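What follows is each chain in one-letter form.
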Amino acid sequence: MRLAFSTNAFVKYSLESAIQKIAGCKYKGVEILADRPHFPPTLKSSWKRIKSLQKILSQSNIEVSNINANTASVFYKQVLQEPVFEPSLSNPDIAKRRWRIDYTKRSIDLACEGQSKSVSITSGIPLPDCPPEKGKKLFIESVKRIMDYAEKKGIKVGLEYEPCLLYENTAEVLGLVNTIKSKYFGVNLDLGHVSISEKDPVQSIRKFKNCIWNIHIEDIKDKKHFHLIPGQGDMDFTKIFKVLREIKYDNFITVELYTYQKQPVSAARKSYDFLNRFI
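Rules of the game
- Residues numbered from 1 in each chain as written.
- Predicted model: local features only at pLDDT ≥ 70, side-chain atom pairs only at ≥ 80, totals over all residues.
- Heavy atoms only, no water.
- Helix = DSSP H or I, 4+ residues; strand = E, 2+ residues; numbered from the N terminus.
- Rg over C-alpha atoms; globule rule 2.2 N^0.38 Å.
- Buried < 20%, exposed > 50% of the residue type's maximum accessible area, 1.4 Å probe, protein only.
- Contact = heavy atoms within 4.5 Å.
- Areas by Shrake-Rupley, 256 points an atom, 1.4 Å probe, with all protein chains shown as cover.
- Lys, Arg positive; Asp, Glu negative; His and termini not counted.
- Charge placed at Lys NZ, Arg CZ, Asp CG, Glu CD.
- Phe/Tyr/Trp six-rings, centres within 6.5 Å; stacked < 30°, edge-to-face > 60°.

Enquirer: Got a minute to help me understand the overall build of the chain in this structure?
Expert: The helix and strand tally for the chain stands at ten helices and eight strands. Taking 19 Å as the expected radius of gyration for a compact globule of 279 residues, we find that the chain reaches 17 Å, a close match to that expectation. In terms of overall dimensions, the chain has a C-alpha envelope of 45 × 45 × 35 Å along the principal axes. Within the span of the chain, comprising 279 residues, buried residues form 56% of the whole. Summarising the internal contacts of the chain: among those between residues at least 6 apart in sequence, 77% fall at separations of at least 24. Entry remark: accessible area of the chain is about 12700 Å², with carbon and sulfur atoms responsible for 49%. Charged side chains in the chain number 44 positive and 31 negative. The centres of these two groups are separated by 5 Å.

This is the structure:
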């Protein structure tokens with residue numbers, strides 16, 4: 001197990017600067033936000049910087065833990081303040097859904113160029129006039145198209161689930177994994193989300209033990225969905241890391257603190273100091 005940090009806390013910094021800051025906080029991995037302002041993979045301007053990105057990763061001696069393709073604010077002309085999941089892979093508008101499929105494929109291309117083993121996605125929320133049953137059917141169709149591409153590229157795709165999304169709990173996602181039936185499809189397991197939606201998050205870790213491609217970690221207090229610096233909430237990290245060792249998890253543990261955009265360096269350092277004792 002190695003610690004990584006997501007650039008989605010560093011949206012006030014360039015991608016290159018964010019990587020340098022994260023490496024300076026002793027992390028071995030960095031999760032790249034495949035969205036504005038870091039690397040929107042659908043923009044030609046992003047790909048003009050790919051050599052620069054590869055160079056800064058090499059110079060910083062840091063690996064890419066995951067390509068975070070969860071949000072899609074780049075779809076909109078204006079700069080949005082909140083994470084945007086739409087247009088999603090379950091959107092009933094076929095043109096918007098195709099855009100998201102293409103966006104995800106371009107994120108897979110970014111994973112190849114950045115030597116990341118995985119890309120994370122979400123299902124989006126249930127939308128008006130699109131009942132969950134229909135949304136899930138559309139999502140499965142989208143994922144199957146993406147997996148054909150991902151398998152050819154050798155990149156794993158992990159679904160990140162959370163409360164209020166179309167897929168929001170362990171049982172639903174286990175069913176989805178069994179439906180997709182691809183050795184490249186699994187989960188980007190956000191342990192904060194799991195601690196909100198499940199009675200015992202370690203049971204989810206055990207159930208997904210063979211298909212966890214990346215872990216998002218943060219702390220949660222009073223089951224409120226607000227990402228806190230590890231050690232400042234209610235989560236039992238001793239228990240969590242014990243189970244991770246039991247299942248022999250050997251991928252990255254990525255700290256995700258997009259809630260600390262005004263003080264990302266401080267949040268990264270405090271998180272590293274707290275979590276490194278468990279590693």
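Next comes the rest of the write-up.
Enquirer: Any chance you could explain the packing of aromatic side chains here in plain terms?
Expert: A ring pair, where both rings are aromatic, is described by two values, the distance of the centres and the angle of the planes. Tallied over the full model, the rule gives 13 aromatic pairs. Consider the rings of Phe-39 and Trp-47, whose centres lie 5.2 Å apart with planes at 90°: the pair is edge-to-face. Owing to a relative accessible area of 25%, Trp-47 belongs among the partly exposed residues under this scheme. Centre to centre, the rings of Phe-139 and Tyr-167 are 5.4 Å apart; their planes meet at 45°, and the pair counts as tilted.

Enquirer: Would you mind going over the environment of Asp-129 with me for this structure?
Expert: With respect to the element layout, Asp-129 can be found in the loop between strand 4 (118–121) and helix 5 (132–153). Since its relative accessible area comes to 78%, Asp-129 is described here as exposed. Spatially, the C-alpha atoms of Asp-129 and Cys-25 are 46 Å apart, while their sequence positions differ by 104 residues.

Enquirer: What am I meant to see in the side chain of Ser-118 here?
Expert: For Ser-118, the location among the structural elements is in strand 4. Owing to a relative accessible area of 2%, Ser-118 belongs among the buried residues under this scheme. Each residue touching Ser-118, except ones within four places of it in the same chain, is listed here: Ser-65, Asn-66, Ile-67, Ala-111, Ile-155, Lys-156, Trp-213 and Asn-214.

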